[in-house]
Every structure is written in structure tokens, then in C-alpha cells.
Amino acid sequence: MTDKLYYNSAYTHEWHTQITNRADKEDGTYVTLAETAFYPHGGGQPCDLGQIGGIAVLDVNLEDGEVWHKLERSPEQVDVDCALDWQRRFDHMQHHTGQHLLSAITLKLADAMTLSFHLGTDYATIDVAAESLRAEQLAAIEHEVNQQIYRNAPIHTSWVTAEEAARLPLVKQPSVTEDIRIVEIAGVEYNACGGTHVSATGEIGLIKLLKTEKVKGGTRIYFKCGSRALNEFTATQQVLTGLTTKLKTSRDELLERIEKMEQEQKLLQSELNAVKATNDDYYAQELLAAREGLVIAQVFEDKPLKDMQSLATKLTAEHEGLVLFASISEAKVVLAQNGQPPEWSAGPFFKGNLGAYQGKGGGSDKMAQAGFATSEDALAFYEFTKEQLGHH
């Protein structure tokens, strides 16, 4: 059985050992080691990566108590030098310990038990048993977890029996009855956990809560620790600096400046809509005067879909035939009618013919719209539809 070094010291990241077994499985080559510091998937924590004998480790799994390492290829030698991707491991240590601390403080301040933990490449989350958490609760939780980081409380791990575990103030009793590993954050909590952790809370660096969302009657808290939290702050600061520079304002006055811009934008949009409505009235009369039979058809260079729909609605209110529009820049086509002739239902016609032109869309009997991969496809469908309308 492999000696699991990650239990003895989470800081071991280089060592020499021997390959004890090899296996070619459907998805690749696997080996076991006499000693390993590679942590396998488990408890919400991803596996470690690195190298064995200079060959990349692609995955690590625990099967029947044995740690199997998936490699790019099988090493020729038995004696091998091993090395973890230390930056990845330490990031996992920061976030797993940060999760313990965050869960303990969330339970203490919001009476919300942690139900699950996920550590991804972009962010970490905990799902807690609370329908919602108020902004002031989240602010208090974030403040307290960082106070515990500044306190630099030591973190100890130990192995206990089921009887000993039952006497500890654990948040949740473990499901196993032997080989129970306890992680203690001094003065904060005891927790049964097999993951890798830092040796003191100060090494977490900082914890930043990012957002929350409702999930299955509970609340999901997104957070980042350590270097990820610092990188998040740096990226946010760059965006903020760019905005304040572009808008020629200070950070404190930024929201006020944006609100003023929004008001100006609404006023301009209102004025623009009025001008568009007037122009559409004139243009509609021109199209009505130039129509041939029951069909009004027009190709626009760059008219937005919403504007084509608005103009089509205006025309069908005054015209008993059909309106067909296409926009080259948007690669979109609109077909509208007011019920005359009754057999020309826009939506069913589009549904029955779009597939041949790689188009996607639909609509009601009176109006349908579709988008196409290219403007050539849109124009081809427009010409096909125009020809079909002309046969009526």
C-alpha cells in the first residue's frame, strides 16, 4: 500500500521513490508509487499534478485505498524522482483551509451549515443551508474570516478513533468508523477531513467573497483565497482605473457619473425613437406607393432586426398583403402579414424552409424572423421567399 505523504506533510513537493505497479487502462497508463505526495480527487478538492520520472501526471485517483497516477506514458525506470506542481498544490491548500474557516464563521454568524464545497480553476464555492444571506451578513462573515486570518491561528491534523471523534465538538460526525483524520483550526473548529491544508490561517492570505446565488433552497457563496483573491483585486482595480480615466472622474464619483450618463442616454434614446418613428412613417408611405400587388419587399444594408420588425408592423397595419425585409449586415430576414391572404402564415413558412438555408428562427402566423450564418444565406432565403410570394 502506498505511503500517503500528503497526510504527513502537505508541504512535501519533491521526493524520490519507486514505482510499485503499472496498469494500462482504457483511458491511459497508470502507476502506483511506494510513497506519494500526489493528492487524489476527493472532498471537493481536485487532484495534484506534476511529474513522475520527468513524465507529466495527468490525473490522480484513489481506488480501494491505492493511489493511481495517470501518466502521459509509462516510465522505463523503477526508481523515479517526483515533483508536484507546487503553485497548484498551495492554491488548493489555501482554498481548502479557507473553506473550513469560511464554513465555520458562516455557521457561527448566520447559523447556516455548509452542505457542499467545490474548488474549480476559476473560483471556489460553498453551498449553505440558508434561503438567502443579507448583504450585512456577508460583510460580517467576510470581516470575521479575515480577522481569523490575521490572528494566524495554528492548524493541526491528527488521527483519532471513532470513540475519540465522538467526544470532539465536530460540526458533523464522520461517516467512517476508522482512520478518522481531524483538522483543527485552533479556537475555531474541529472538522473530519482528508484534504491538504496550510499550517496556520495566516497562509490563506485573504478571503474575498464575490457573489451569492440561490441553489436548491440554499445559497451558493462564491469566494477566492490567497493569490486568486489578489489577482481578482488587481483585475478589478485595472477596470476601475480604466473607467475613472476614461470618464475623467474619481472612484468616489464614478457611480454618480454613470447614473448621469444613463439619464442622458435615456433622453437621447427617446429622441432617437421619435425621429425613427417619423422616418418610418415617411418610408412606409414610400413603400406602400411603390408596392407591386400584395408584396412589399426590401433589402437593407444595415437595418437592425428590431427596426425591421417595427417598420413591418407599421406596414401591415395599413397593407393587406405581405412584407418581406432582409438586413445584409445582420444576416436576418423578416416576413410579416396581417392575415391576408390567410394561407400565408409567416411562422410555419419559415419553419418549413429555413433548414435548406442554414437559418434559425421562427415566429407567429403574422410575423416571423430568422438569422443566418452568412449574409449570402440570408439573401438567398430572401430571394427564395420573394419568389414564392410572387407565385401567389
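Preceding this paragraph is the structure being described.
Numbers given for residues are sequential positions, taken from 1 along each chain in its written order. Since the coordinates come from a predicted model, pLDDT governs what is reported: local features require at least 70, and pairs of side-chain atoms require 80 or more to be given and counted, while whole-chain, interface and lining totals use all residues. Think of the side-chain values as coming from all heavy atoms in the structure, minus any hydrogens and water.

So, the pairing of strand β17 (residues 322–327)
No. 1: Relative accessibility thresholds used throughout: buried, under 20% of the residue-type maximum; exposed, over 50%; partly exposed, between the two (1.4 Å probe, protein chains only). Counting from the N terminus, the helices are the DSSP runs of H or I reaching at least four residues and the strands are the DSSP runs of E reaching at least two. Within β17, six of the six residues are buried, which leaves it mostly tucked inside the rest of the structure.
No. 2: Strand pairing is assigned whenever DSSP identifies at least 2 bridges connecting the two strands. The sheet contact formed by strand β16 (residues 295–300) and β17 spans six bridges and is parallel. Each residue of the ladder has a partner; that of Q298, found in β17, is F325.
No. 3: Strand direction decides the pairing type here: β17 and strand β18 (residues 332–337), joined by six bridges, are antiparallel. Across the sheet, S327 pairs through a bridge with K332, a residue of β18.
No. 4: Here β17 folds back onto β18, and the loop between the two strands holds four residues, one of which, A331, carries a positive phi near 55°.

A short note on the layout of surface pockets
No. 1: A volume near 1,200 Å³ is recorded for the largest pocket.
No. 2: At the level of elements, α1 (5–8), α2 (86–110), β9 (114–119), β12 (180–185) and β13 (189–192) are the ones that each hand at least two residues to the lining of the largest pocket.
No. 3: Ranked by the residues each element gives to the lining of the largest pocket, the list is headed by α2, at six residues.
No. 4: Polarity classes work like this: nonpolar for Ala, Val, Leu, Ile, Met, Phe, Trp, Tyr, Cys and Pro, charged for Asp, Glu, Lys and Arg, and polar for all others, with Gly in that last group. Split into classes, the residues belonging to the lining of the largest pocket amount to 19 nonpolar, 16 polar and six charged. Two kinds of site are reported from a 1 Å grid over the protein atoms alone, namely cavities, where a 1.4 Å probe fits but cannot get out, and pockets, open sets with protein on both sides within 12 Å along at least five of seven lines, and residues are called lining when an atom falls within 4 Å of a point. Grid points are joined across faces, edges and corners, and a volume is the space filled by probe spheres set on the points.

What to know about the environment of E142
No. 1: Along the chain, E142 falls in helix α3 (residues 135–151).
No. 2: Taking C-alpha positions, E142 is 6.8 Å from K208, a pair spaced 66 residues apart along the chain.
No. 3: Residues within four places of E142 in sequence aside, it is in contact with I207, K208 and L209.
No. 4: Here L209 takes part through its backbone nitrogen, which lies 2.8 Å from a polar atom of the side chain of E142. Whether two residues touch is decided by their heavy atoms; if any such pair falls within 4.5 Å, the residues are in contact. We call two N or O atoms a polar contact when they sit within 3.5 Å, provided that within protein one can donate a hydrogen and the other can accept it, with sequence-adjacent residues counted only if both atoms are side-chain atoms.

Notes on the packing of aromatic side chains
No. 1: What counts as a ring pair is set by centres within 6.5 Å for rings of Phe, Tyr and Trp (its six-membered ring), and what kind of pair is set by the plane angle: stacked under 30 degrees, edge-to-face over 60, tilted for all other angles. If you walk through the whole model with that rule in mind, you get 17 aromatic pairs.
No. 2: Ring geometry for F372 and F381: centres 5.4 Å apart, planes at 40°, overall tilted.
No. 3: Note on F372: relative accessible area 9%, which makes it buried.
No. 4: For F381, a relative accessible area of 0% gives the class buried.
No. 5: Taken together through their ring pairs, the aromatic side chains of F349, F350, Y357, F372, F381 and F384 make up a single cluster.
No. 6: Of note, K25 hangs over the ring of Y30, and the distance from its end group to the ring centre comes to 4.5 Å.
No. 7: Cation over ring: K25 sits above W68, and NZ or CZ is 4.7 Å from the ring centre. Put simply, a charge is over a ring when the Lys NZ or the Arg CZ is close to the ring centre, within 6 Å, and near the line of the ring normal, within 35 degrees.

Digging into unusual backbone geometry
No. 1: Even without glycine at this site, D64 takes up a positive phi of about 50°.
No. 2: Structurally, D64 is set in the loop between β6 (55–63) and β7 (66–71).
No. 3: Overall, D64 belongs to the exposed group, its relative accessible area being 80%.
No. 4: Unusually for a residue other than glycine, K248 sits at a positive phi of about 55°.
No. 5: With respect to the element layout, K248 can be found in the loop between α5 (226–247) and α6 (254–290).
No. 6: On the accessibility criterion, K248 (75% relative accessible area) is exposed.

Focus: the packing of α5 against α6
No. 1: Fitted lines through C-alpha atoms give the axes, limited to the stretch in contact for helices. The angle between two N-to-C directions lies from 0 to 180 degrees. Orientation of α5 relative to α6, taken along the N-to-C sense of each, is 60°, at an axis distance of 11 Å. The orientation of α5 relative to α6 falls into the category oblique. In this structure, the crossing between α5 and α6 has a hand that is left-handed. Seen from α5, the contacting residues are L240, L243, T244 and L247; seen from α6, they are L254, R257, I258 and M261. Reported orientations rely on four angle classes, namely roughly parallel under 35 degrees, roughly antiparallel over 145, roughly perpendicular from 65 to 115, and oblique for the rest. When the near helix sits turned anticlockwise from the far one by under a right angle, the crossing is termed left-handed; a clockwise turn instead gives a right-handed crossing.

Points about the sheet that holds β9
No. 1: Overall, antiparallel pairing links the four strands, which are arranged β9-β10-β15-β14 in an open sheet. In this open sheet, the two strands that pair with only one neighbour each are β9 and β14 (207–215). Between one strand axis and the next, the sheet turns by 20° as a mean value, whatever way the strands run.
No. 2: Note that β9 and strand β10 (residues 124–128) share five bridges and pair antiparallel. Considered in β10, the bridge of L119 is made with A124.

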